[in-house]
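Survey of secondary and tertiary structure
Listed here are the chains, written in short residue letters.
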Amino acid sequence: MPPPGTRVAVAGGCGGMGRIFTRTAREAGIEVVVLDLARSIEAFPPPEGVEAIACDASDEAQVAAAFDAIAAGGARLDALVNFVGFTNEPKPIEAMALAEWNEIIAGSLTSAFLLSRAAIPLLRASGKGAMIHVSSTFGVWVPQSGFGPYAVAKAGIINLVRVLATECGPDIRVNGLAPGITQTAFLDGGTGRPAKQTKTNTDMVATMTAAKRIAQPEDMLGALFFLIGPGSEYVTSQTLHVNGGLWS
(Lines give C-alpha, C1' and ligand atoms only; values in the text may rest on other atoms or scores of the structure.)
Protein backbone atom coordinates (compact mmCIF):
# COMPACT_ATOMS: atom_id res chain seq x y z
CA MET A 1 0.00 0.00 0.00
CA PRO A 2 1.09 3.59 -0.53
CA PRO A 3 1.92 5.22 2.82
CA PRO A 4 -0.76 7.25 4.62
CA GLY A 5 -0.80 10.84 3.43
CA THR A 6 -0.17 9.93 -0.21
CA ARG A 7 -2.33 12.24 -2.35
CA VAL A 8 -4.10 10.60 -5.27
CA ALA A 9 -6.39 12.01 -7.95
CA VAL A 10 -8.98 9.45 -9.04
CA ALA A 11 -10.60 10.20 -12.39
CA GLY A 12 -13.91 8.39 -12.66
CA GLY A 13 -13.90 7.95 -8.89
CA CYS A 14 -17.69 7.64 -8.69
CA GLY A 15 -17.87 4.62 -11.00
CA GLY A 16 -18.01 1.01 -9.85
CA MET A 17 -14.26 0.42 -9.58
CA GLY A 18 -13.57 4.03 -8.67
CA ARG A 19 -15.89 3.98 -5.64
CA ILE A 20 -14.33 0.82 -4.21
CA PHE A 21 -10.81 2.15 -4.77
CA THR A 22 -11.62 5.56 -3.27
CA ARG A 23 -13.27 4.11 -0.17
CA THR A 24 -10.45 1.65 0.46
CA ALA A 25 -7.79 4.31 -0.10
CA ARG A 26 -9.51 6.68 2.28
CA GLU A 27 -9.73 3.98 4.95
CA ALA A 28 -5.97 3.46 4.57
CA GLY A 29 -5.23 7.13 5.24
CA ILE A 30 -4.61 8.08 1.62
CA GLU A 31 -5.77 11.55 0.57
CA VAL A 32 -8.10 11.28 -2.41
CA VAL A 33 -9.44 13.86 -4.84
CA VAL A 34 -12.21 12.52 -7.07
CA LEU A 35 -12.81 13.85 -10.58
CA ASP A 36 -16.06 12.84 -12.22
CA LEU A 37 -19.13 14.08 -14.03
CA ALA A 38 -21.35 16.31 -11.90
CA ARG A 39 -24.28 13.90 -12.22
CA SER A 40 -22.08 11.01 -11.10
CA ILE A 41 -20.91 12.92 -8.04
CA GLU A 42 -24.52 13.72 -7.21
CA ALA A 43 -25.64 10.11 -7.62
CA PHE A 44 -22.67 8.55 -5.79
CA PRO A 45 -21.11 11.12 -3.44
CA PRO A 46 -17.55 10.22 -2.37
CA PRO A 47 -16.91 9.29 1.27
CA GLU A 48 -16.60 11.97 3.91
CA GLY A 49 -13.26 13.71 3.73
CA VAL A 50 -12.81 13.12 -0.01
CA GLU A 51 -12.76 16.21 -2.20
CA ALA A 52 -14.86 15.95 -5.38
CA ILE A 53 -14.35 18.10 -8.47
CA ALA A 54 -16.93 18.02 -11.27
CA CYS A 55 -15.10 17.40 -14.52
CA ASP A 56 -15.84 15.95 -17.95
CA ALA A 57 -12.49 14.33 -18.73
CA SER A 58 -13.03 14.68 -22.47
CA ASP A 59 -13.25 18.49 -22.15
CA GLU A 60 -9.84 20.21 -22.28
CA ALA A 61 -10.89 23.30 -20.33
CA GLN A 62 -12.61 21.33 -17.57
CA VAL A 63 -9.59 19.07 -17.10
CA ALA A 64 -7.23 22.05 -16.89
CA ALA A 65 -9.49 23.74 -14.33
CA ALA A 66 -9.72 20.56 -12.27
CA PHE A 67 -5.95 20.20 -11.99
CA ASP A 68 -5.61 23.89 -11.18
CA ALA A 69 -7.95 23.21 -8.27
CA ILE A 70 -5.93 20.16 -7.22
CA ALA A 71 -2.74 22.26 -7.16
CA ALA A 72 -4.34 25.22 -5.38
CA GLY A 73 -2.27 26.53 -2.50
CA GLY A 74 0.76 24.55 -3.59
CA ALA A 75 -0.80 21.18 -2.78
CA ARG A 76 1.15 18.22 -4.17
CA LEU A 77 -0.07 15.25 -6.20
CA ASP A 78 1.57 11.83 -5.81
CA ALA A 79 -0.52 9.68 -8.16
CA LEU A 80 -3.22 9.70 -10.81
CA VAL A 81 -5.53 6.72 -11.26
CA ASN A 82 -7.73 6.99 -14.34
CA PHE A 83 -10.87 4.84 -14.57
CA VAL A 84 -12.59 6.97 -17.24
CA GLY A 85 -14.16 5.14 -20.17
CA PHE A 86 -17.45 3.93 -21.58
CA THR A 87 -19.09 2.20 -24.50
CA ASN A 88 -22.56 2.22 -26.06
CA GLU A 89 -24.84 -0.54 -27.22
CA PRO A 90 -22.93 -2.89 -29.54
CA LYS A 91 -22.93 -1.82 -33.17
CA PRO A 92 -20.77 -2.99 -36.09
CA ILE A 93 -18.40 -0.49 -37.69
CA GLU A 94 -20.34 -0.48 -40.96
CA ALA A 95 -23.46 0.76 -39.15
CA MET A 96 -21.75 3.29 -36.88
CA ALA A 97 -22.03 7.04 -37.32
CA LEU A 98 -18.84 9.10 -37.07
CA ALA A 99 -20.31 11.06 -34.16
CA GLU A 100 -20.75 7.89 -32.10
CA TRP A 101 -17.22 6.72 -32.90
CA ASN A 102 -15.79 10.10 -31.92
CA GLU A 103 -17.80 10.20 -28.70
CA ILE A 104 -16.43 6.88 -27.45
CA ILE A 105 -12.85 7.61 -28.54
CA ALA A 106 -13.01 11.01 -26.82
CA GLY A 107 -14.43 9.58 -23.61
CA SER A 108 -12.16 6.53 -23.42
CA LEU A 109 -8.84 7.60 -24.99
CA THR A 110 -8.60 11.36 -25.57
CA SER A 111 -9.66 11.79 -21.94
CA ALA A 112 -6.57 9.81 -20.86
CA PHE A 113 -4.35 12.13 -22.91
CA LEU A 114 -5.92 15.24 -21.37
CA LEU A 115 -5.69 13.89 -17.82
CA SER A 116 -2.08 12.81 -18.31
CA ARG A 117 -0.97 16.11 -19.79
CA ALA A 118 -2.53 18.06 -16.93
CA ALA A 119 -1.18 15.75 -14.22
CA ILE A 120 2.44 15.45 -15.42
CA PRO A 121 3.76 18.74 -13.96
CA LEU A 122 2.23 17.98 -10.55
CA LEU A 123 3.40 14.37 -10.49
CA ARG A 124 6.91 15.36 -11.59
CA ALA A 125 7.08 17.93 -8.79
CA SER A 126 6.26 15.24 -6.21
CA GLY A 127 9.57 13.50 -6.99
CA LYS A 128 8.19 9.97 -7.29
CA GLY A 129 4.92 10.31 -9.12
CA ALA A 130 2.86 7.38 -10.36
CA MET A 131 0.16 7.17 -13.00
CA ILE A 132 -2.23 4.32 -13.78
CA HIS A 133 -4.56 4.21 -16.76
CA VAL A 134 -7.24 1.53 -16.77
CA SER A 135 -7.37 -0.30 -20.09
CA SER A 136 -9.39 -3.49 -20.62
CA THR A 137 -9.18 -7.04 -21.83
CA PHE A 138 -10.91 -5.61 -24.91
CA GLY A 139 -7.68 -3.72 -25.64
CA VAL A 140 -6.03 -6.97 -26.74
CA TRP A 141 -8.87 -9.50 -27.11
CA VAL A 142 -12.30 -8.82 -28.60
CA PRO A 143 -14.64 -11.72 -27.78
CA GLN A 144 -17.69 -10.36 -29.59
CA SER A 145 -18.55 -7.85 -32.28
CA GLY A 146 -19.93 -4.35 -31.80
CA PHE A 147 -17.30 -2.87 -29.50
CA GLY A 148 -15.04 -1.35 -32.15
CA PRO A 149 -14.30 2.16 -30.85
CA TYR A 150 -14.08 1.00 -27.23
CA ALA A 151 -11.66 -1.81 -28.09
CA VAL A 152 -9.56 0.57 -30.21
CA ALA A 153 -9.51 3.15 -27.38
CA LYS A 154 -8.42 0.59 -24.80
CA ALA A 155 -5.70 -0.71 -27.10
CA GLY A 156 -4.59 2.90 -27.44
CA ILE A 157 -4.40 3.18 -23.64
CA ILE A 158 -1.84 0.36 -23.56
CA ASN A 159 0.43 2.19 -25.98
CA LEU A 160 -0.23 5.55 -24.33
CA VAL A 161 1.13 4.01 -21.12
CA ARG A 162 4.33 3.03 -22.96
CA VAL A 163 4.72 6.48 -24.50
CA LEU A 164 4.18 8.25 -21.20
CA ALA A 165 6.53 5.95 -19.31
CA THR A 166 9.27 6.69 -21.84
CA GLU A 167 8.69 10.42 -21.80
CA CYS A 168 8.13 10.89 -18.07
CA GLY A 169 10.77 8.62 -16.56
CA PRO A 170 12.48 8.59 -14.19
CA ASP A 171 10.33 11.14 -12.33
CA ILE A 172 6.99 9.45 -13.02
CA ARG A 173 6.17 5.76 -13.32
CA VAL A 174 3.31 5.04 -15.73
CA ASN A 175 1.49 1.71 -15.85
CA GLY A 176 -1.79 0.27 -17.01
CA LEU A 177 -4.35 -2.11 -15.57
CA ALA A 178 -6.43 -4.25 -17.91
CA PRO A 179 -9.38 -5.78 -16.06
CA GLY A 180 -11.35 -8.65 -17.45
CA ILE A 181 -15.14 -8.32 -17.66
CA THR A 182 -16.13 -6.83 -14.30
CA GLN A 183 -19.50 -6.66 -12.58
CA THR A 184 -20.08 -2.90 -12.50
CA ALA A 185 -22.51 -0.35 -13.96
CA PHE A 186 -20.25 -0.31 -17.03
CA LEU A 187 -22.18 -3.31 -18.32
CA ASP A 188 -25.25 -1.06 -18.52
CA GLY A 189 -23.53 1.93 -20.10
CA GLY A 190 -21.55 3.33 -17.16
CA THR A 191 -22.13 5.47 -14.08
CA GLY A 192 -23.51 8.91 -14.88
CA ARG A 193 -24.65 7.95 -18.39
CA PRO A 194 -28.05 6.83 -19.68
CA ALA A 195 -28.56 3.10 -19.18
CA LYS A 196 -27.54 1.17 -22.30
CA GLN A 197 -27.47 -2.59 -22.40
CA THR A 198 -24.02 -3.56 -23.67
CA LYS A 199 -25.14 -7.18 -24.10
CA THR A 200 -21.83 -8.47 -22.83
CA ASN A 201 -22.05 -12.26 -22.56
CA THR A 202 -20.79 -12.54 -18.99
CA ASP A 203 -21.70 -16.24 -18.66
CA MET A 204 -19.63 -17.09 -21.72
CA VAL A 205 -16.64 -15.11 -20.46
CA ALA A 206 -16.91 -16.69 -16.99
CA THR A 207 -16.65 -20.21 -18.40
CA MET A 208 -13.52 -19.21 -20.35
CA THR A 209 -11.59 -18.04 -17.28
CA ALA A 210 -9.49 -20.26 -15.03
CA ALA A 211 -11.32 -18.65 -12.09
CA LYS A 212 -14.72 -19.63 -13.61
CA ARG A 213 -16.27 -16.25 -12.82
CA ILE A 214 -16.16 -12.67 -13.98
CA ALA A 215 -14.38 -10.08 -11.87
CA GLN A 216 -15.71 -8.00 -9.02
CA PRO A 217 -14.38 -4.45 -8.50
CA GLU A 218 -12.58 -5.57 -5.33
CA ASP A 219 -10.46 -7.93 -7.45
CA MET A 220 -8.61 -4.92 -8.88
CA LEU A 221 -7.57 -3.33 -5.60
CA GLY A 222 -4.38 -5.29 -4.97
CA ALA A 223 -2.99 -4.49 -8.42
CA LEU A 224 -3.97 -0.82 -8.24
CA PHE A 225 -2.40 -0.18 -4.85
CA PHE A 226 0.70 -2.15 -5.83
CA LEU A 227 1.18 -0.01 -8.95
CA ILE A 228 1.06 3.28 -7.03
CA GLY A 229 2.87 1.97 -3.95
CA PRO A 230 6.54 1.57 -3.00
CA GLY A 231 6.67 -2.09 -4.04
CA SER A 232 6.56 -1.16 -7.73
CA GLU A 233 9.29 1.47 -7.87
CA TYR A 234 11.04 -0.42 -10.69
CA VAL A 235 7.82 -1.17 -12.59
CA THR A 236 6.89 1.19 -15.40
CA SER A 237 5.53 0.95 -18.97
CA GLN A 238 3.64 -2.24 -18.05
CA THR A 239 -0.01 -3.20 -18.36
CA LEU A 240 -1.07 -5.71 -15.72
CA HIS A 241 -3.86 -8.02 -16.89
CA VAL A 242 -6.25 -9.01 -14.10
CA ASN A 243 -8.70 -11.32 -15.84
CA GLY A 244 -8.97 -14.54 -13.84
CA GLY A 245 -6.77 -16.47 -16.23
CA LEU A 246 -8.91 -15.68 -19.28
CA TRP A 247 -6.09 -16.61 -21.64
CA SER A 248 -5.05 -19.79 -19.89
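The structure this text deals with has already been given above.
Since the model is a prediction, treat every value here as computed from it, not as a measurement.

1. A word on the sheet that holds strand β3 (residues 51–54)
- In space, the seven strands of this open sheet follow the order β3-β2-β1-β4-β5-β6-β7, with parallel pairing throughout. Looking at the sheet topology across the chains shown, the edges are occupied by β3 and β7 (239–242). Between one strand axis and the next, the sheet turns through 20° on average, direction left out of account.
- In this sheet, strand β2 (residues 31–36) lies alongside strand β1 (residues 7–11) in parallel orientation, the contact comprising five bridges. Each residue of the ladder has a partner; that of R7, found in β2, is E31.
- Across the face of the sheet, helix α1 (residues 16–27) comes into contact with β1, β2, β4 (79–82) and β6 (172–179) while running at roughly 160° to β2.
- Relative to the sheet, helix α4 (residues 98–126) contacts β1, β2, β4, β5 (129–134) and β6, its axis offset from that of β5 by approximately 160°.

2. Observations regarding α4
- For α4, built from 29 residues, the straight-helix expectation of 42 Å at 1.5 Å per residue is met to within 8% by its first-to-last C-alpha distance of 40 Å.
- At A106, α4 is deflected by roughly 45°, the largest bend along its length.
- Among the residues trailing α4, G127 stands out with phi positive, at a value near 95°.

3. Some points on unusual backbone geometry
- Cis geometry marks the peptide bond from G169 to P170, where omega comes out at 5°.
- As for its position among the elements, P170 is in the loop between α5 (148–168) and β6.
- Positive phi, normally seen in glycine, also occurs at S237, with a value near 75°.
- Among the secondary structure elements, S237 is positioned in the loop between α7 (221–228) and β7.

4. Regarding the layout of surface pockets
- Computed from the structure, the second largest pocket encloses a volume of approximately 370 Å³.
- Lining the second largest pocket are 22 residues, and of these K128, G129, R173, I228 and E233 lie nearest its centre.
- In the lining of the second largest pocket, the residues fall into nine nonpolar, seven polar and six charged.

5. Topic: the pattern of salt bridges
- Under the criterion given, the structure shown has six salt bridges.
- For the salt bridge of R7 with E51, the shortest nitrogen-to-oxygen distance reads 3.9 Å. Linking R7 in strand β1 with E51 in strand β3, this pair joins segments that are 44 residues apart in sequence.
- Judged by relative accessible area, which is 9%, R7 ranks as buried.
- E51 gets classed as partly exposed once you look at its relative accessible area, which sits at 35%.

6. As for the packing of aromatic side chains
- Under the criterion given, the structure shown has four aromatic pairs.
- Between F138 and F147 the ring centres are 5.1 Å apart and the planes differ by 50°, which places this aromatic pair in the tilted class. For the pair F138 and F147, a shared accessibility class is recorded, and that class is buried.
- Ring plane angle 70° and centroid distance 6.1 Å describe the contact between F138 and Y150, whose orientation is recorded as edge-to-face. Of this pair, F138 sits in the loop between β5 and α5 while Y150 sits in helix α5, and the two are twelve residues apart along the sequence.
- By relative accessible area, which is 6% here, Y150 ends up buried.
- Here the aromatic cluster, defined as three or more aromatic residues joined through ring pairs, consists of F21, F83 and F225.
- Taking NZ or CZ as reference, R19 lies 3.9 Å from the ring centre of F44, over its face.

Conventions adopted
Throughout, residues of each chain are indexed from 1 in the direction in which the sequence is written. Restriction of local features to residues with pLDDT of at least 70 applies here, the model being predicted, together with a cutoff of 80 or more for giving and counting side-chain atom pairs; totals for whole chains, interfaces and linings are based on all residues. Side-chain calculation: all heavy atoms of the structure are included, whereas hydrogens and water are not. For two strands to be treated as a pair, DSSP must find at least two bridges joining them. By definition, any uninterrupted DSSP run of H or I lasting at least four residues is a helix, any uninterrupted run of E lasting at least two residues is a strand, and each is numbered from the N terminus. Note on geometry: axes are lines fitted to C-alpha atoms, helical ones only across the stretch in contact, with angles between N-to-C directions running from 0 to 180 degrees. Contacts are assigned to residue pairs with any non-hydrogen atoms lying within 4.5 Å of each other. To estimate how far a helix should reach, multiply one less than its number of residues by 1.5 Å. Bend at a residue means the angle formed by two fitted axes: the first through the 7 residues ending at that position, the second through the 7 residues beginning there. Detection works on a 1 Å grid of protein atoms alone, calling trapped sets that fit a 1.4 Å probe cavities and calling open sets with protein on both sides within 12 Å along at least five of seven lines pockets, with lining residues defined by an atom within 4 Å of a point. Grid points are joined across faces, edges and corners, and a volume is the space filled by probe spheres set on the points. Residue type decides the class: Asp, Glu, Lys and Arg count as charged, Ala, Val, Leu, Ile, Met, Phe, Trp, Tyr, Cys and Pro as nonpolar, and the leftover types, Gly among them, as polar. Note on definitions: salt bridges are taken to be side-chain nitrogens of Lys or Arg within 4 Å of carboxyl oxygens of Asp or Glu. Here's how the labels work: a residue is buried when its accessible area is under 20% of the maximum for its type, exposed when over 50%, partly exposed in between, all with a 1.4 Å probe on protein chains only. Stacked, edge-to-face and tilted are the three classes for Phe, Tyr and Trp ring pairs, Trp counted by its six-membered ring, which pair at centre distances within 6.5 Å; planes under 30 degrees apart are stacked, over 60 edge-to-face, the rest tilted. Any Lys NZ or Arg CZ that is within 6 Å of a ring centre and within 35 degrees of that ring's normal is treated as a charge sitting over the ring.

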